[in-house]
Amino acid sequence: SSGGRGGDRGTGSMEQVGREVGQQIAQRQAASYKSSWPEYLKELMTPTLQTGKLFNIKPTDWQDYCLRWNIVCTDLGLVTGVVIFAIYLFTLAWLSIFIEAWFTFMTLFIGHLAWYLLLKRGGCMGAAGNVIFIILYVFNGFSHLNTAAQIKGLSSLALIPAIAYLVPNFFMIYALLGQAGFLGGQQTEGLAANAATAGAPAAPAAPAAQA
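Since this is a predicted model, take the numbers as computed values, not measurements.

Student: Just checking my understanding: could you explain the overall build of the protein chain for this structure?
Tutor: Scanning the protein chain for helices and strands turns up 7 helices and 0 strands. The order of helices and strands in the protein chain, counted from the N terminus, is α-α-α-α-α-α-α. Counting every position in the protein chain, which comprises 211 residues, the buried fraction comes to 38%. Pairs at least 24 residues apart make up 78% of the contacts formed inside the protein chain by residues separated by at least 6 positions. Of the roughly 11800 Å² of accessible surface on the protein chain, 68% is carried by carbon and sulfur atoms.

Written out as structure tokens, the structure reads:
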């Protein structure tokens, strides 16, 4: 019947609109993520080191506190990776060289992803997003240590920077807990917003059903 055909056309139009909106959101998010890398790398190259704020365990602005430790933690993670890499290279620990290169890359990747989703985009899955990144930072902090602990001889010198790197990771985890509201007070404003839908383009109007 004509009514059935009109309903089918309406359903098909809505599905097409849904696909178009989904594609626009995906393209916009991908472009936003890609363009955020130069900004983050610039932040890493020009960190704002204010020890009074960094080591204040009761900050008034958890967002700023988390941002500062994100940059410091990533910077020190890269330095740690380079130092450990040099130790392994000098002692000819070839397998450990490749493992450490991977962990150093993950330090940069996790740091940028946390900065992009939690700090720049305003939140990802609320406090649950922070918990996910806390787990990632725990893994990232102990990954260097786990590798260094399994090596003997001069290569075990890598334990020194690996252990030292746990300090900025501890403060980053502490900052994530505070930003999520786990340490008392309210969750940082905007954190509960889902980054996946932030800045989504408006849906195009559905075509009018034909008479």
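Student: Looking at this model, I keep getting lost on the packing of aromatic side chains. Mind explaining?
Tutor: Applying the stated criterion across every chain yields a total of 13 aromatic pairs. Note on tryptophan 62 and tyrosine 65: the rings are 5.5 Å apart at their centroids and 90° apart in plane angle, and the pair reads as edge-to-face. Here the residue tryptophan 62 and the residue tyrosine 65 both occupy positions in helix H3 (residues 62-90), the gap between them amounting to 3 residues, near one helical turn. On the basis of relative accessibility, which here comes to 14%, the residue tryptophan 62 falls in the buried class.

Student: Explain the confidence of the model for the protein chain to me, please; I cannot follow it from the model alone.
Tutor: A low pLDDT means the predicted coordinates there should not be read in detail. Averaged over the protein chain, the pLDDT score is 82; the fraction of residues at 70 or greater is 82%. Between the elements of the protein chain, mean pLDDT differs from a low of 78, seen in helix H1 (residues 2-45), to a high of 95, seen in helix H7 (residues 166-179). Confidence drops under a pLDDT of 50 for residues 192-211, and excluding neighbours within four residues, the segment shows 35 contacts in the predicted structure.

Student: When you look at the packing of helix H5 (residues 127-149) against H7 in this model, what are you seeing that I'm missing?
Tutor: Pairs of packed helices are described in terms of their axes, by the angle between the two and the distance that separates them. Packing of H5 against H7 leaves a shortest axis separation of 10 Å and a crossing angle of 175°. Taken together, the axes of H5 and H7 are roughly antiparallel relative to one another. In contact with Asn130, Phe133, Ile134, Tyr137, Val138, Asn140, Gly141, Phe142 and Leu145 of H5, H7 contributes Leu166, Asn169, Met172, Ile173, Leu176, Leu177 and Gln179. Looking at the contact of H5 with H7 residue by residue, the class counts come to 11 nonpolar, 5 polar and no charged.

Student: For this particular structure, what's the right way to read H7?
Tutor: Since there are 3.6 residues in each turn of an α-helix, residues three or four apart along the chain are aligned in direction. Counted at 1.5 Å a residue, the expected span for H7 with its 14 residues is 20 Å, and the 20 Å between its end C-alpha atoms agrees. In terms of burial, H7 is a largely internal element, 10 of the 14 residues being buried. All of the buried residues in H7 are Pro168, Asn169, Phe171, Met172, Ile173, Tyr174, Ala175, Leu176, Gly178 and Gln179. Looking at the buried side of H7, the elements it contacts are helix H2 (51-54), H3, helix H4 (94-120), H5 and helix H6 (159-164). Directly beyond the C-terminal end of H7, a positive phi value near 90° is found at glycine 181.

Student: It is not clear to me how the environment of leucine 108 should be interpreted in this structure. Could you clarify?
Tutor: Within the secondary structure layout, leucine 108 lies in helix H4. Those residues in contact with leucine 108 that lie beyond four places of it in its chain are Trp37, Tyr40, Leu41, Leu44, Thr74 and Leu78.

Student: Any chance you could explain unusual backbone geometry here in plain terms?
Tutor: Note: most residues except glycine have negative phi, and most peptide bonds are trans. One non-glycine residue, leucine 92, lies in positive phi territory at about 60°. Mapped onto the secondary structure, leucine 92 falls in the loop between H3 and H4. What makes leucine 92 exposed here is its relative accessible area of 52%.

Student: I tried to follow the nonpolar core on my own but got confused; where do I start?
Tutor: Among the nonpolar cores identified, the biggest contains 30 residues, and Tyr65, Trp69, Phe133, Tyr137, Met172 and Leu176 are the most heavily contacted of them. Elements represented by at least two residues in this core include exactly H1, H3, H4, H5 and H7. Broken down by element, the residue count for this core peaks at 9 residues, all from H4. If we ignore the near neighbours within four places in the chain, the residues touching tryptophan 69 are Leu54, Phe55, Pro168, Phe171 and Met172. In this structure, Ile97, Ile151, Ala158 and Ala162 belong to the second largest nonpolar core, which totals 10 residues.

Student: Even after reading the chapter, I still don't get the pattern of salt bridges, so can you show me in this structure?
Tutor: A side chain with one charge can pair with a side chain of the opposite charge if their charged atoms come near. Applying the stated criterion across every chain yields a total of 2 salt bridges. A salt bridge links glutamate 39 to lysine 120, with the nearest nitrogen and oxygen atoms 3.0 Å apart. With a gap of 81 residues between them, glutamate 39 in helix H1 and lysine 120 in helix H4 connect regions that are remote in the sequence. Classification of lysine 120 by relative accessible area gives partly exposed; the value is 41%. As a salt-bridge pair, arginine 68 and aspartate 64 come within 2.8 Å of each other at their nearest N and O atoms. Residue arginine 68 and its partner aspartate 64 are located together in helix H3, separated by 4 residues, close to a single helical turn. Under the relative-accessibility criterion, arginine 68 is labelled buried at 13%.

Conventions adopted
- Residues numbered from 1 in each chain as written.
- Predicted model: local features only at pLDDT ≥ 70, side-chain atom pairs only at ≥ 80, totals over all residues.
- Heavy atoms only, no water.
- Helix = DSSP H or I, 4+ residues; strand = E, 2+ residues; numbered from the N terminus.
- Buried < 20%, exposed > 50% of the residue type's maximum accessible area, 1.4 Å probe, protein only.
- Contact = heavy atoms within 4.5 Å.
- Areas by Shrake-Rupley, 256 points an atom, 1.4 Å probe, with all protein chains shown as cover.
- Phe/Tyr/Trp six-rings, centres within 6.5 Å; stacked < 30°, edge-to-face > 60°.
- pLDDT = per-residue confidence, 0-100.
- Axes fitted to C-alpha atoms, helices over the stretch in contact; angles between N-to-C directions.
- Parallel < 35°, antiparallel > 145°, perpendicular 65-115°, else oblique.
- Nonpolar A, V, L, I, M, F, W, Y, C, P; charged D, E, K, R; others polar.
- Expected span 1.5 Å × (residues − 1).
- Core = buried A, V, L, I, M, F, W, Y, C linked by side-chain atoms within 4.5 Å.
- Salt bridge = Lys/Arg side-chain N within 4 Å of Asp/Glu carboxyl O.

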